[in-house]
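# Coordinates in review
These are the residues of each chain, in order.
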Amino acid sequence: MASEAFEEIVGDFEFLEDWEDRYRHVIELGKAMEPLDEALKVPATKVDGCASQVWLHPKIEAEVFSFDGDSDALIVRGLIAVLAALYNGVPVAQVAAIDAQAELARLGLHDHLSAQRSNGVRAMIERIRLVAAEAAAA
């Protein structure tokens, strides 16, 4: 089961008739995010494999996973916001159990993102899963 925040996005998408409206909604989600502190935009937080610049700054507090992120592309900021809704607040040991591709498919994202954007989303998911797995093992 996805988080309440992600389910809210799914609900919003159900009311948006066409992809252009959904695309705009994803961009609005990105615009609503707090920008990542410039000091955190370093090679260690940069996600390789994305067409645009992407930074993810994971945080694990009391065994609970969350992250902040940013991108130089509005749509990618929105995709980061969608992933944050999916993963933030999840116990670190349960991050690997989330089928992000299946959850994102509920939004119809695969059908409307370019191959480069889809690869970038996969790279972000891989980074999230890796950080959570390392934290869970520690």
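In what follows, the accompanying structure is described. (Residues numbered from 1 in each chain as written. Predicted model: local features only at pLDDT ≥ 70, side-chain atom pairs only at ≥ 80, totals over all residues. Heavy atoms only, no water.)

Turning our eyes to something else, we now look at the packing of aromatic side chains. Summed over all chains, the structure comprises three aromatic pairs. Ring centres of F13 and W19 lie 6.4 Å apart, and the angle between their planes is 65°; this geometry places the pair in the edge-to-face category. Residue W19 is classed as buried on the basis of its relative accessible area, which comes to 16%. Ring pairing ties together the aromatic residues F13, W19 and Y23, which thus form one cluster. (Phe/Tyr/Trp six-rings, centres within 6.5 Å; stacked < 30°, edge-to-face > 60°. Buried < 20%, exposed > 50% of the residue type's maximum accessible area, 1.4 Å probe, protein only.)

Take helix α5 (residues 115-137) next. Between the first and last C-alpha of α5 there are 33 Å, a value that for 23 residues agrees with the 33 Å anticipated at 1.5 Å per step. Among the residues of α5, S118, G120, V121, A123, M124, I125, I128, V131 and A132 are the ones counted as buried. Summarising the contacts, the buried residues of α5 are in contact with β1 (54-61), β2 (64-71), α3 (74-87) and α4 (100-105). (Helix = DSSP H or I, 4+ residues; strand = E, 2+ residues; numbered from the N terminus. Expected span 1.5 Å × (residues − 1). Contact = heavy atoms within 4.5 Å.)

Here the focus is the environment of K31. Looking at where K31 falls in the secondary structure, it is placed in helix α2 (residues 19-32). What makes K31 partly exposed here is its relative accessible area of 48%. Sequence separation of K31 and V82 is 51 residues, and the distance between their C-alpha atoms is 12 Å. When residues no more than four places from it in sequence are discounted, the contact partners of K31 are L74 and R77.

Here the focus is empty space enclosed by the protein. This structure, assessed with the given rule, holds two cavities of 30 Å³ or more. Here the largest cavity is characterised by a volume of approximately 60 Å³. Together, C50, A51, S52, V54, V76, L79, Q116, R117, G120, V121 and M124 line the largest cavity. Within the residue set of the lining of the largest cavity, elements represented by two or more residues are α3 and α5. Sorting elements by how many residues they give to the lining of the largest cavity places α5 first, with five residues. Across the lining of the largest cavity, the residue classes tally to seven nonpolar, three polar and one charged. Taken as a whole, the second largest cavity spans an internal volume of roughly 50 Å³. Lining of the second largest cavity is provided by Q101, L104, L109, H110, L113, S118, V121 and R122. Elements with a minimum of two residues in the lining of the second largest cavity: α4 and α5. Among the elements that take part in the lining of the second largest cavity, α5 stands out by supplying three residues, more than any other. (1 Å grid on protein atoms, 1.4 Å probe; cavity = no way out; pocket = protein on both sides within 12 Å on 5 of 7 lines; lining within 4 Å. Points joined across faces, edges and corners; volume = space filled by probe spheres on them. Nonpolar A, V, L, I, M, F, W, Y, C, P; charged D, E, K, R; others polar.)

With that out of the way, let us pick up the packing of α3 against α5. Packing of α3 against α5 leaves a shortest axis separation of 11 Å and a crossing angle of 35°. When the axes of α3 and α5 are compared, the crossing they make is right-handed. Residue-level contacts link I75, V76, L79, I80, L83 and Y87 of α3 to R117, V121, M124, I125, I128 and R129 of α5. Grouping the amino acids of the contact of α3 with α5 by side-chain chemistry returns ten nonpolar, no polar and two charged. (Axes fitted to C-alpha atoms, helices over the stretch in contact; angles between N-to-C directions. Left-handed = near helix turned anticlockwise from the far one by under 90°.)

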